[in-house]
Amino acid sequence: MFKLSRYVAILIFAAANSMATPVAPPLELVVLGSGGPGATGRAGAGYVVLVDGEPRILVDAGPGTFVRLGEAKLSLAKIDTVLLTHLHIDHTGELPGIFKARVVSGGGPIHFQVFGPSGHHGEGEDATFPSTSRFIDLLFGPAGAYSYLHDFAAPMTIKTTDIDASTNASKSPTVIHSEHGLQISTIAGHHGDAPAVIYRIDYRHQSITFSGDIDAKGLDNLRHIAQHSSLLVFNSVVLDPPGSPRVLYTLHTPPKAIGVLAADSQVKRLLLSHLSPTIDQARASVEASIREHYQGPVAFAEDGMRLQP
Ligand SMILES: [Zn+2]
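Residues numbered from 1 in each chain as written. Predicted model: local features only at pLDDT ≥ 70, side-chain atom pairs only at ≥ 80, totals over all residues. Heavy atoms only, no water.

### Side note on unusual backbone geometry
Note: most peptide bonds trans; most residues except glycine with negative phi.
And step 1. With an omega of 5°, the peptide bond between proline 241 and proline 242 qualifies as cis.
And step 2. Its place among the elements puts proline 242 in the loop between strand E11 (231-235) and helix H7 (255-264).
And step 3. In this structure, aspartate 52 takes a positive phi of about 50° despite not being glycine.
And step 4. By secondary structure assignment, the location of aspartate 52 is in the loop between strand E2 (46-51) and strand E3 (54-61).
And step 5. Looking at aspartate 52, the relative accessible area reads 35%, which means it is partly exposed.
And step 6. Despite not being glycine, aspartate 60 shows a phi value in the positive range, around 60°.
And step 7. When you line up the elements, aspartate 60 lands in strand E3. (Helix = DSSP H or I, 4+ residues; strand = E, 2+ residues; numbered from the N terminus. Buried < 20%, exposed > 50% of the residue type's maximum accessible area, 1.4 Å probe, protein only.)

### As for the nonpolar core
And step 1. Val48, Leu58, Val82, Leu95, Phe99 and Met156 are the most contacted members of the largest nonpolar core, which totals 28 residues.
And step 2. For this core, the secondary structure elements donating two or more residues are strand E1 (27-33), E2, E3, helix H4 (95-103), strand E5 (110-117) and helix H5 (132-140).
And step 3. With 5 residues, H4 is the single largest residue contributor to this core.
And step 4. In contact with leucine 58, other than residues within four places in its own chain, are Leu32, Tyr47, Val48, Ile79, Thr81, Val82, Leu83, Leu95 and Ile98. (Core = buried A, V, L, I, M, F, W, Y, C linked by side-chain atoms within 4.5 Å. Contact = heavy atoms within 4.5 Å.)

### Side note on the coordination of the zinc ion
And step 1. The zinc ion binds to the protein through Asp90 (OD), His91 (NE2), Asp213 (OD) and His274 (NE2); the donor distances cover 2.1 to 2.2 Å.
And step 2. Here the zinc ion is ringed by 4 donor atoms whose angles at the metal span 88 to 167°, and the overall shape comes out irregular.
And step 3. Donor residues for the zinc ion sit on one chain with the sequence pattern D-H-x121-D-x60-H. Of the two residues, aspartate 213 sits in the loop between strand E10 (206-210) and helix H6 (219-225) while histidine 274 sits in the loop between strand E12 (270-273) and helix H8 (277-280), which places them 61 residues apart along the sequence. (Donors = N, O, S within 2.8 Å, 3.2 Å for Na, K, Ca; no water. Tetrahedral: all angles 85-135°; square planar, octahedral: opposite > 155°, others 65-115°.)

### Some details on the side chain of asparagine 235
And step 1. One can find asparagine 235 in strand E11.
And step 2. Once residues within four sequence positions are removed from consideration, asparagine 235 is found in contact with Tyr47, His91, Ser211, Gly212, Asp213, Ile258, Ser273 and His274.

### Quick look at the packing of aromatic side chains
And step 1. Following the criterion strictly, the structure yields 5 aromatic pairs and no others.
And step 2. Judged by centre distance (5.3 Å) and plane angle (50°), the rings of tyrosine 47 and phenylalanine 210 are tilted. Here phenylalanine 210 lies in strand E10 and tyrosine 47 lies in strand E2, a separation of 163 residues in the sequence. The same class applies to tyrosine 47 as to phenylalanine 210, namely buried.
And step 3. Three or more aromatic residues joined by ring pairs make a cluster, and in this case those are Phe99, Phe112, Phe140 and Tyr146. (Phe/Tyr/Trp six-rings, centres within 6.5 Å; stacked < 30°, edge-to-face > 60°.)

Right under this line is the structure:
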């Protein structure tokens with residue numbers, strides 16, 4: 001009798017214990033920066049994706065994301081993959097600070113894998129952009145500005161992969177990382193003259209797609225890669241025409257087109273991020289415009305926001 005009740009007690013204890021420690025979701029998104037280039041009180045673009053509860057993937061690293069990373073109290077110990085959507089400052093300016101934070105966070109040797117767009121030699125009014133490997137080399141390479149970081153608190157190596165973001169790039173998604181069911185795929189985006197890349201992360205039947213900054217010329221590729229995503233993070237900067245300066249439509253996608261794309265791609269949920277003050281001040285009309293075509297949940301990002309797709 002005593003043995004039986006003791007056995008029952010152990011079972012009850014085990015059940016209560018398993019209820020007390022919830023299982024981590026397959027994927028979770030932490031918004032480090034929900035803003036753009038302006039100093040508006042939001043950090044520039046940046047996200048951390050948690051896989052099985054472990055912070056693993058950094059997507060962009062705009063100014064201010066360093067502070068938000070600390071505020072989120074996320075462990076840096078397993079962050080080893082960096083996805084850069086393009087190399088504008090509001091998406092990459094904080095990379096050195098975050099890399100150094102990772103280096104001094106303790107633990108053994110650090111092996112980063114960094115993905116980002118190929119380069120572009122500007123002609124005429126187009127700007128020139130280095131490839132991501134050249135960009136990383138200029139920062140952390142042997143002759144780079146921060147070459148000392150290679151052996152500062154821990155040995156650090158960086159493997160950089162340039163993703164073809166040219167007009168000749170593949171119109172089909174390419175898998176760039178695959179590991180125990182975690183899959184990262186990419187396709188070229190379009191952001192004016194800045195080479196740009198779209199990313200999709202899939203894990204255990206959940207998926208997050210990041211549009212990056214994108215104009216109308218990138219939407220076919222985005223529609224393709226975002227199909228049935230659990231969550232689409234869409235950078236939202238301009239109002240429907242003619243509500244914003246004309247030049248911005250060569251760089252960004254307005255709300256009505258965002259709604260059309262979200263509906264066409266059949267994404268389950270939409271998160272508007274990289275928010276400009278213009279969008280912030282017109283949330284009701286922005287959402288109404290998106291709702292003309294898309295009926296799923298729509299949210300506006302905030303720094304520090306955590307979401308399960
Ligand atoms: Zn931007």
